[in-house]
Amino acid sequence: MRALLSKKREHAFAKRAGFGAQSAKRRVLILTSSNLALQLLGFVYRMMLSRLAGSEALGLQSLVMQIYSITVSVCISGLNVAVMTLAARLGGEKSAVRALTRSALLLFFMLFSFAALPIFVLRAGIAEALIGDAEARAAIVLVLACIFLTGIENVLKSVHLGSGMVKRPAVSELIEQSIRYLLVFVLLKTISDGTDHGICALIMLGMLGSEFFSVSFLGISFIKRFGKSRGSGEKSGHIKRETMGELIRILLPAGLTSVAGTLFSSAAALMLPSRLIAAGYTRAEALSAIGILGTAAVPLVFLPMAFAGAVSTVALPAVSEAFSKGDMRRVSSAAKRSITAAALTFLLINLPLLPLLGRLSDALFGVVPTPLCFILLSLKAGVIYMQISVSAVLNGMMKQKSVLFLAIFGEVSQLLLIHILAALPEIHIYGYLISMAAGEGARLLLSLAVLRHELKKHRSMG
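Caption draft 1: The arrangement of the overall build of the protein in detail. Along its length, the protein carries 16 helices and zero strands. Computed over the C-alpha atoms, the radius of gyration of the protein is 22 Å, within 12% of the 23 Å expected from 2.2 N^0.38 for a compact globule of 462 residues. Structurally, the protein occupies a C-alpha span of about 65 × 45 × 35 Å along its principal axes. For the protein, the residues scored as buried account for 56% of the 462 residues in total. By sequence separation, contacts in the protein at least 24 residues apart represent 85% of the contacts at least 6 residues apart. Accessible area of the protein: about 19,400 Å², with a carbon and sulfur share of 68%. Each charge class in the protein can be summarised by its mean position, and for the 46 positive and 23 negative side chains these summaries are 15 Å apart.

Caption draft 2: The arrangement of a positive patch on the surface in detail. Among the surface-exposed residues, Lys336, Arg452, Lys456 and Arg459 lie close enough to one another that they form a single positively charged patch. Among the elements that line the positive patch, the one with the most residues is helix H16 (residues 428–461), at three residues. By the element assignment, lysine 336 lies in helix H12 (residues 328–353). Its relative accessible area of 57% is what places lysine 336 among the exposed residues.

Caption draft 3: Local environment of helix H14 (residues 371–396). In this model, H14 (26 residues) spans 38 Å end to end at C-alpha, consistent with the 38 Å of a helix rising 1.5 Å per residue. Of all 26 residues in H14, 20 are buried, a share of seventy percent or more. Of the residues trailing H14, methionine 398 is marked for its positive phi of about 65°.

Caption draft 4: Main features of the packing of helix H3 (residues 55–89) against helix H11 (residues 305–324). Where H3 contacts H11, the two axes come as close as 8 Å, and the packing angle between them is 50°. Our classification of the angle between H3 and H11 gives oblique. The handedness of the crossing between H3 and H11 comes out as right-handed. Taken together, the residues of H11 that come into contact with H3 (itself represented by Val81, Met84, Thr85, Ala88 and Arg89) are Thr313, Leu316, Pro317, Ser320, Glu321, Phe323 and Ser324. A breakdown of the residues in the contact of H3 with H11 according to their chemical character gives six nonpolar, four polar and two charged.

Caption draft 5: Region of interest: the confidence of the model for the protein. This prediction gives the protein a mean pLDDT of 83; 91% of its residues lie at or above 70. Looking at the elements of the protein, mean pLDDT is at its lowest for helix H1 (residues 7–17), recorded as 45, and at its highest for H14, recorded as 92. Segment residues 1–19: pLDDT under 50, and 45 contacts once partners within four positions in sequence are set aside and those in other chains are kept. Here residues 231–237 is a poorly scored stretch, pLDDT under 50, and it has five contacts once near neighbours within four places are set aside; other chains count.

Caption draft 6: Quick peek at a nonpolar patch on the surface. Nonpolar side chains collect at one region of the surface, where Leu117, Phe120, Val121, Leu122 and Val141 lie side by side and expose about 460 Å² of accessible area between them. Among the elements that make up the nonpolar patch, the one with the highest residue count is helix H4 (residues 94–121) (three residues). You can see phenylalanine 120 is positioned in helix H4.

Caption draft 7: Seen up close, the side chain of serine 361. Within the fold, serine 361 resides in helix H13 (residues 357–365). The exposure class of serine 361 is buried, given its relative accessible area of 0%.

Caption draft 8: Structural detail: the side chain of arginine 275. Take arginine 275: it is sitting in helix H9 (residues 237–278). Glutamate 426 provides the closest opposite charge to the buried, unpaired arginine 275, separated from it by 11 Å. In contact with arginine 275, other than residues within four places in its own chain, are Ile418, His419, Ala422 and Ala423.

Caption draft 9: Representation of H3. At serine 73, H3 shows its strongest bend, of approximately 55°. Most of H3 sits out of view: 28 of its 35 residues are buried. Downstream of H3 by a residue or two, glycine 91 has a phi angle that is positive, lying close to 70°.

Reading the values: the criteria
All residue numbers refer to positions counted from 1 along the written sequence of the respective chain. The predicted nature of this model means local features are confined to residues of pLDDT at least 70 and side-chain atom pairs, given and counted, to a pLDDT of 80 or more, with totals for whole chains, interfaces and linings taken over all residues. Think of the side-chain values as coming from all heavy atoms in the structure, minus any hydrogens and water. The numbering of helices and of strands both runs from the N terminus, where a helix is a DSSP run of H or I of at least 4 residues and a strand a run of E of at least 2. Note on method: radius of gyration uses C-alpha positions; expected globular size equals 2.2 Å times residues raised to 0.38. Only protein chains enter the calculation, and the probe is 1.4 Å; a residue is then buried if its accessible area is under 20% of its type maximum, exposed if over 50%, and partly exposed in between. Pairs of residues are marked as contacts when any of their non-hydrogen atoms sit within 4.5 Å. The protein chains shown are the only cover counted for residues, whose accessible areas, like all others here, come from Shrake-Rupley with a 1.4 Å probe. Residues counted as positive are Lys and Arg, residues counted as negative are Asp and Glu, and His and the chain ends are not counted. To locate a charge, take NZ of a lysine, CZ of an arginine, CG of an aspartate or CD of a glutamate. Patch criteria: residues need more than 30% relative accessible area and no salt bridge. Like-charged residues are merged within 9 Å; nonpolar side chains of Val, Leu, Ile, Met, Phe, Trp and Tyr are merged within 5 Å. Any Lys or Arg side-chain nitrogen located within 4 Å of an Asp or Glu carboxyl oxygen qualifies as a salt bridge. To estimate how far a helix should extend, the number of its residues minus one is multiplied by 1.5 Å. To get an axis, a line is fitted to the C-alpha atoms, and for a helix only the part in contact is used. The angle between two axes follows their N-to-C directions and goes from 0 to 180 degrees. Throughout, the term roughly parallel applies to angles under 35 degrees, roughly antiparallel to angles over 145, roughly perpendicular to angles from 65 to 115, and oblique to all others. For any pair of crossing helices, the crossing counts as left-handed if the nearer helix is rotated counterclockwise from the farther one by less than a right angle, and right-handed if it is rotated clockwise. Three classes are used, and their members are as follows: Ala, Val, Leu, Ile, Met, Phe, Trp, Tyr, Cys and Pro are nonpolar, Asp, Glu, Lys and Arg are charged, and the others, Gly among them, are polar. You can read pLDDT as the predictor saying how much it trusts each residue, on a scale of 0 to 100. The seven residues ending at a residue and the seven starting there each receive a fitted axis; the angle between those axes is the bend at that residue.

What follows is the structure, given as structure tokens:
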């Protein structure tokens, strides 16, 4: 693809897209601000849900959302990595970006059909056997409809982000989530029947409604920025074939990484109620514990993810653009900046915040998870901040296969530990948290070793 671009165009795009250090800081600031605003909105949303829905309904909702996570991992997550990586290399060349977008949408439609059709056909059995509530099948249908729109949105968003255009996706996400939260509030206040499965369906209906805005907003933005110039010829037959080949080459390992991670984490989430019951919980107590964990503890502990996620989002296209030109100095610099920023996020934000989490949870959500719960989640958070930064750098260096194997190792480790530790009456829910932190920690250590090896190898080759 680099042959498609002149050196002058590459230089102009790199300057415009913001792959320099100062521009990267600006992009991180934009995304961090957007993420923080989203998290604040999310707090208000969860406070509303905790009062209108209840912890048992939210526990059931977290199980229903595993269907969402699994399908998204098959259809969307790997494609996001591929589109963002390639968009960063295209230099904003309109015909090439259009070819990339068409190819990505075609791949998404194929993947969605492959993943969604079996779920739709088997929705009754999935609801009864895996989720534990046969009436949850209506929520599953709404989940699939939501994923269809989310996939289109994410292709457009990845093109924008890979091209250095972060403001429009940030604005789109803020407005979309605001619409979603408002719709869910209105639905729960006006037509809720009070049943757990009915509440889940209404929450998904609100989510579906908000997706129409984001697809429209980003679609208009894409047409304005990358629409065909007047009088220009397309001349993109060979570009399209090359783009599809590149997409598939990156998509396969990146998609498998997402699928493996989501399948294992969803298996753990779906397995957790039975393991807690084995530890002495009733089903209601297990669902309540899961609901409290997901609604109160996790959002508070992972508040700094707003910054860590922004850093990794900016790092991937920057590394991809530099690596495609063989500029290992810039690759190494971007890797060090992103990993250091992730570590400092944990040290300077998570640790000082730890003593305040109990009071914040009580004030915001009316529930207070134990201090040990917050400590274990904070350890997991610190590890994940660094892990997503390392994975972003490795993906930018076209090491998707390494990321895949590392993800499988980490997820298998977590699943095995959860199966054993969460069923122990002495530690119960803490066994689940210990297992996640330990599995992610082992994966991080191996990921850092692989990154160090790759950087050393390419520097010596240069």
